[in-house]
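Residue-level listing of the chains:
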Amino acid sequence: MLSIKNLHAKVEGRDILKGLDLEVQAGEVHAIMGPNGSGKSTLVHILAGRDGYEVTAGSVSYLGKDLLSMVPEERAHAGVFLAFQYPVEIPGVNNVYLLKAAYNAIRKHRGEEQLDAMDFLAMVKAKMQFMEIDPSFLNRAVNEGFSGGEKKRNEILQMLVLEPKLALLDETDSGLDIDALKVVAKGINRLRSPERAMVMVTHYQRLLDYIEPDLVHVLAGGRILKSGDKNLALELERRGYDWVLAEAAA
Amino acid sequence: MNMTSAALRPYVEGFKTLETAPAGNAPAWLAGLRRDAFARFADRGFPGERHEEWKYTSTRPLEKRAFSLATPAHDSVSARDIAPILVHEMPVHTLVFVNGNPVAALSTASSAIRGLRIFSLNQALEQNAVVLQPYLIPESVWADDAFTALNTAFLKDGVVVDSDAKVQLDRPLQLIFVSTHQTSSLACHPRILVRLANDSQATLIETYLGLEGAANFTNSYTQIVLGENARLEHLRVQRESLGDFHVSRVHVSQQGGSSYLSHTLNLGGLWVRTDLQARLEAPLAEAVFNGLYAVNGRQHVDNHTRVDHLAPATRSNELYRGIIGGHARAVFNGKVVVAKHAVKTDAAQTSNNLLLSRTAEIDTKPELEIYADDVKCSHGATIGQLDEQALFYLRSRGIDLQTARALLVEAFSLKLLERIPASRLRAYAARQIKTALPRQSAVAEWA
Ligand SMILES: Nc1ncnc2c1ncn2[C@@H]1O[C@H](COP(=O)(O)OP(=O)(O)OP(=O)(O)O)[C@@H](O)[C@H]1O
Ligand SMILES: [Mg+2]
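Quick summary incoming for the structure in this document. (Residues numbered from 1 in each chain as written. Chains lettered and ligands numbered in written order. Predicted model: local features only at pLDDT ≥ 70, side-chain atom pairs only at ≥ 80, totals over all residues. Heavy atoms only, no water.)

Attention now goes to the interface of chain A and chain B. If you look at the interface, chain A gives 32 residues, while chain B gives 17 residues. Of the roughly 1900 Å² buried where chain A meets chain B, counting both sides, 66% is carbon and sulfur surface. Counting across the interface, chain A meets chain B through two salt bridges. Residues R395 of chain B and E73 of chain A are paired through a salt bridge, measuring 2.6 Å at the closest nitrogen-oxygen approach. Inspection of the chain A/chain B interface yields nine residue pairs in polar contact (both at pLDDT 80 or more). Per-element accounting of the side of chain A that touches chain B gives the leading share, six residues, to helix α3 (residues 95–109) of chain A. (Contact = heavy atoms within 4.5 Å. Buried area = accessible area lost by both parts, 1.4 Å probe. Salt bridge = Lys/Arg side-chain N within 4 Å of Asp/Glu carboxyl O. Polar contact = N/O pair within 3.5 Å; in protein donor to acceptor, adjacent residues only side chain to side chain. Helix = DSSP H or I, 4+ residues; strand = E, 2+ residues; numbered from the N terminus.)

Written out as structure tokens, the structure is:
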């Protein structure tokens, strides 16, 4: 589904990604772990199409298409979704408006009819209930004044509504209390399916207790230094990253 | 004198025509008032750029054009032509003027409201000229103002609203001033007087619409007098054509406990200048100034506001927001004066501006003159572009770039709308704003 080959990228003239390779198949859940500043957010931003990154080498193919040549909205239409590490506050645009505009834009792209307003609202409300988000959030401005945990839950709500094929989750577990973590994990698990893939950036094993990854990668120094199964995450939790870096240097 | 005699000539000729025309039922003192006003204008001409209040707005474009006096209304204006500016969110009284002349066929205001009278200025002059006389003398702050002088000199018609105490106007009064295409450009000088006696309330919707191809000059003067605890909500929608010139002065004097709530929307015109002033003359008087200007292309819009806190415990709160694209230029100057004895004054002012292109320009300036102790005064101004992070966030959700930009521009205007408390008035204002903001397909044109 997603094939990243030898990706090199610069930010503000600095090399951040230095030959990153990653293969993700439909139905898989990948966890990406790694030290702060190693380039995890950079990677998912580049995949979602954010400006400000200069790809100097390598390629990314998504469902057989050249992902890097697409603008962000085209990627969303094609089923890419990024849950932001820091969801953006947008005063003056309300949550339900955004959901509806996004949902309809994506349906339109797929050649599907727009959902009737009442049906749409009923669908969103059911998903909000599932995510344990109060219905009053529908009419609040996008992320404005939301607590850290509320923002993360809202990201997952958007994901449930938009039903992407490739979900990129950037530290969706950070800043969540235990109960919220369970709710978020429940949301993510709900979308797990043989047609969908997920790439979760995380620092902690605790998310992986709820969402069992098929593969775990260590991103450091701008590359995937090591990959393994779920046990790698447990080992990282115990031993930190130094040994991976040492192994790679050897 | 700043003006060349060539630039002055059309005004001199216009005034001659006016003076030789039959006076009708106009009172004799009016002729004297006009003559004095014209002499003042002819003596000074339009303000030059060295004039502190006109630093960023040159009157040259106005001087270069010769406007003739407005002729009687064009019959061809229909209800359909003015439909875009009509209020259909709620029932209203309507008075329509075309190029300065009242058009009865399009008007629906009834003058038979208990305790409150709505006249055309001409009717008022015929019926109650003596009471009116002091109100036709311009406010002393504008004694030297060329546009006020012009308005007085060429004063022809307008609107008078006059209430008894404890009256509530049953529905908003909408004034519609329409500028139409003419073979030679016209000037008109509407005069509006609103006097609400103690404990009275009204909503005034003052609107200016330009029809396709109009290139006229509208120079209006609105004077508002609020008695104790009177309340006026005043929405001004200025949506003239891209060839139109617009100047307006609004002067409000307020007694104790009165409140004046102003929403100014500058959504059209080529060259626009608005001066809004409130004098809070007695304790607990309150003025709220809300404004939104949206300009593009080569439009120029200048808003000068001023609040005088002249008594203790008076309040003012001001928010102006600007959306500026293309090569347009906007000016905002907000002055707040707190007199020595006006202790416990509470004054807040904010100006936020969104620049949609590199060539758009804004000059925003707060001016605080505080002579009293124990006051709370704040001001803030921002100038920014569309938030790149918000744009990316929206696009990452599948919303295309143009729609995302339009959405954020509209969102920017919402803060202003939120300050219109009456929901139906707000809905009308929202509809007016929407027509002026860059549409999805056209956002690029603002860049
Ligand atoms: N816009 C930018 N300007 C300058 N430097 C940047 C920018 N964006 C990212 N960087 C730098 O790129 C490096 C990688 O950042 P990135 O956010 O991808 O790290 P991360 O792995 O997600 O870290 P964390 O675990 O702390 O979220 C950091 O050193 C960061 O400072
Ligand atoms: Mg990160």
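Residue and element names in this part refer to chain B. Taking strand neighbours across the sheet as the criterion, the ten strands line up as β3-β2-β6-β9-β11-β13-β15-β17-β19-β21 in an open arrangement whose pairing is mixed. Each edge of the sheet is formed by a strand with only one pairing partner; in this case those strands are β3 (101–102) and β21 (376–384). Note that strand β19 (residues 346–355) and β21 share nine bridges and pair parallel. Considered in β21, the bridge of A347 is made with C377. (Pairing = 2+ DSSP bridges.)

All names here are of chain B. For the structure shown, the criterion picks out 23 aromatic pairs over all chains. Three or more aromatic residues joined by ring pairs form one cluster here, namely Y11, F15, F38, F41, F46, W54, F67, F147, F154, F217, F245 and W271. The ring of Y221 carries the charged tip of R191 above its face, separated from the ring centre by 4.5 Å. Over the ring of W54 we find R273, and its NZ or CZ is 3.9 Å from the ring centre. (Phe/Tyr/Trp six-rings, centres within 6.5 Å; stacked < 30°, edge-to-face > 60°. Lys NZ or Arg CZ within 6 Å of the ring centre and 35° of its normal.)

Residue and element names in this part refer to chain A. Neighbouring ligand 1 are 15 residues, the closest being G37, K40, S41, T42 and H203. Within the side chain of R14, a nitrogen or oxygen atom sits 3.1 Å from an oxygen atom of ligand 1. One nitrogen or oxygen atom from the side chain of Q85 is found 3.2 Å from an oxygen atom belonging to ligand 1. Look at ligand 1: alone it shows 640 Å² of surface, and the protein chains cover 66% of it. When contributions to the shell around ligand 1 are tallied by element, the ones reaching two or more residues are β2 (14–24) and α1 (40–48). No other element matches the three residues that α1 contributes to the shell around ligand 1. When the residues that make up the shell around ligand 1 are grouped by side-chain class, the tally is three nonpolar, eight polar and four charged. (Near = heavy atom within 4 Å. Areas by Shrake-Rupley, 256 points an atom, 1.4 Å probe, with all protein chains shown as cover. Nonpolar A, V, L, I, M, F, W, Y, C, P; charged D, E, K, R; others polar.)

Residues and elements named next belong to chain B. Under the criterion given, the structure shown has 38 salt bridges over all chains. Among the ionic pairs, R195 bridges to D162, the shortest N-O distance being 2.8 Å. One end of the pair, R195, is in strand β8 (residues 191–196); the other, D162, is in strand β5 (residues 158–163), and 33 residues separate them in sequence. Residue R195 is classed as partly exposed on the basis of its relative accessible area, which comes to 25%. (Buried < 20%, exposed > 50% of the residue type's maximum accessible area, 1.4 Å probe, protein only.)

Because an α-helix completes one turn every 3.6 residues, residues spaced three or four positions apart along the sequence face the same direction. Residue and element names in this part refer to chain A. Counted at 1.5 Å a residue, the expected span for helix α4 (residues 117–130) with its 14 residues is 20 Å, and the 20 Å between its end C-alpha atoms agrees. Along α4, the positions that sit buried rather than exposed are F120, M123, V124, K127 and M128. Each buried residue of α4 lies within a common arc of 135° when the element is viewed along its axis, so the set occupies one face. Facing away from the buried side of α4, by more than 90 degrees, are the exposed residues M118 and Q129. (Expected span 1.5 Å × (residues − 1). Arc of directions from axis to C-beta.)

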